[in-house]
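The lines below spell out each chain.
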Amino acid sequence: AVIQEAVGDVLGAPKDATIAIMDGAPKITPSESGESVDAEQIATALLALPQGTDRTVVAEATVQEPKFTTEAAEKMGIKEVVSEISTPLTNDSVRTTNLVVGTRMVNNTLVKPGEEFNLEEALGPIDEAHGFVSSGVVSNGFNSTALGGGLSQLSTNTFNIGYRAGMVDVAHKPHSKYFSRYPMGLESTLWSGQIEMIWKNNTPYGALVEAWVADGRVYTRLWSTHYWDVEVWQGQPYNYVQPETKTNPARDCEASPAGGPGFTVTVGRVVKLNGEVHEDSQYTWTYQPVHAVKCG
């Protein structure tokens, strides 16, 4: 135990290379090698020292290489914006707080080839200790409040940068109601432990997520090397359903007038590599009407 404690003060642990957006562009902070010694071997040798004047044990230091080296970081090929989107904020300053905290948590997330970007994992614990606050959400079809309310906007943005870059759509779910600040059909909600937003990096290059809030909008970019050619399309909405009046029995109910109608829309994308179609997919989503709400 004495040896282990002393070694921690004397030798430096290896440091992985990092990639982060600095001054508007990706920058690599080089990795550093570390050193280690076999503490168990030294302890055994100390216990075996004979009585006398020579009470010396020589510790051989071994170089420890980092798991993610500068060379490996350079091979990620993170050099250009391959997709981006911005969406407008609401006038709810509390909701904006969650987006400021959320974008800070996911900013500079590195997704290596074959890895997944899981928004909930990237955000970390959604709790007050990490700066999140309670704001508006849609629960059981009615407006309510919950910790982290508004993070679905970040889910929409990070879904889009993955989708528009040709990444594998592992998991996403649009909102039950349509919000005009989001691209129709091409958006994603988030509910901790229940509704996920995940995409997988299916390119030979790394992908770096950049996210921030400024000038009344949420901005997201995906940095990498261009690989897929992607055409995203949106169909015209159809099957309109007019709103009605619904009764909300919840204790935190807030009465509200009717909003826009419900409708169905089909969206999709064509993903090509060197002119050859790799994916031609679509999905259809139906939004509920924004009913008038009375409490009871």
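Residues numbered from 1 in each chain as written. Predicted model: local features only at pLDDT ≥ 70, side-chain atom pairs only at ≥ 80, totals over all residues. Heavy atoms only, no water.

J.: Before we move on, could you go through the side chain of Asn 248 and cite the residues and values that matter?
T.: Inspection of the secondary structure assignment puts Asn 248 in strand β16 (residues 245–248). For Asn 248, the side chain forms a polar contact with the main-chain nitrogen of Ala 250, separated by 3.0 Å. (Helix = DSSP H or I, 4+ residues; strand = E, 2+ residues; numbered from the N terminus. Polar contact = N/O pair within 3.5 Å; in protein donor to acceptor, adjacent residues only side chain to side chain.)

J.: Tell me about the nonpolar core, residues and numbers included.
T.: One finds Phe 117, Leu 119, Leu 123, Leu 154, Trp 199 and Leu 222 to be the most contacted residues of the largest nonpolar core, which totals 31 residues. Of all elements in the fold, only α4 (93–106), α5 (119–123), α6 (151–164), β12 (207–214), β13 (217–224), β17 (262–273) and β18 (276–287) reach the threshold of two or more residues within this core. If you tally residues by element for this core, the top one is α6, at 5 residues. Those residues within four positions of Leu 222 in sequence are excluded, and the remaining contacts are Glu 80, Val 81, Val 82, Ser 83, Ile 161, Ala 165, Met 167, Trp 199, Ala 207, Leu 208 and Val 209. Counting residues in hydrophobic clusters, the runner-up holds 9 residues, among them Phe 68, Met 76, Ile 78 and Leu 208. (Core = buried A, V, L, I, M, F, W, Y, C linked by side-chain atoms within 4.5 Å. Buried < 20%, exposed > 50% of the residue type's maximum accessible area, 1.4 Å probe, protein only. Contact = heavy atoms within 4.5 Å.)

J.: Lay out the pattern of salt bridges in plain terms, naming residues and giving numbers.
T.: As enumerated under the stated definition, the model contains 6 salt bridges in all. For Glu 71, the salt bridge is made with Lys 75, and the minimal N-O distance between the two is 3.7 Å. Here the residue Glu 71 and the residue Lys 75 both occupy positions in helix α3 (residues 70–75), the gap between them amounting to 4 residues, near one helical turn. One salt bridge connects Lys 272 with Glu 231, and the closest N-O pair in it is separated by 3.9 Å. (Salt bridge = Lys/Arg side-chain N within 4 Å of Asp/Glu carboxyl O.)

J.: How would you summarise the sheet that holds strand β10 (residues 168–171) if you had to cite specific residues and measurements?
T.: Reading across the sheet, the 3 strands line up as β7-β11-β10 and stay open at both edges, with antiparallel pairing between neighbours. Looking at strand neighbours, the two that pair on one side only are β7 (116–118) and β10, the edges of this open sheet. Each adjacent strand pair in this sheet contributes to an overall mean axis angle of 25°, direction not counted. Relative to strand β11 (residues 198–200), β10 is paired through 3 bridges, and the arrangement is antiparallel. If you follow Ala 171 over to β11, its bridge partner there is Ile 198. (Pairing = 2+ DSSP bridges. Axes fitted to C-alpha atoms, helices over the stretch in contact; angles between N-to-C directions.)

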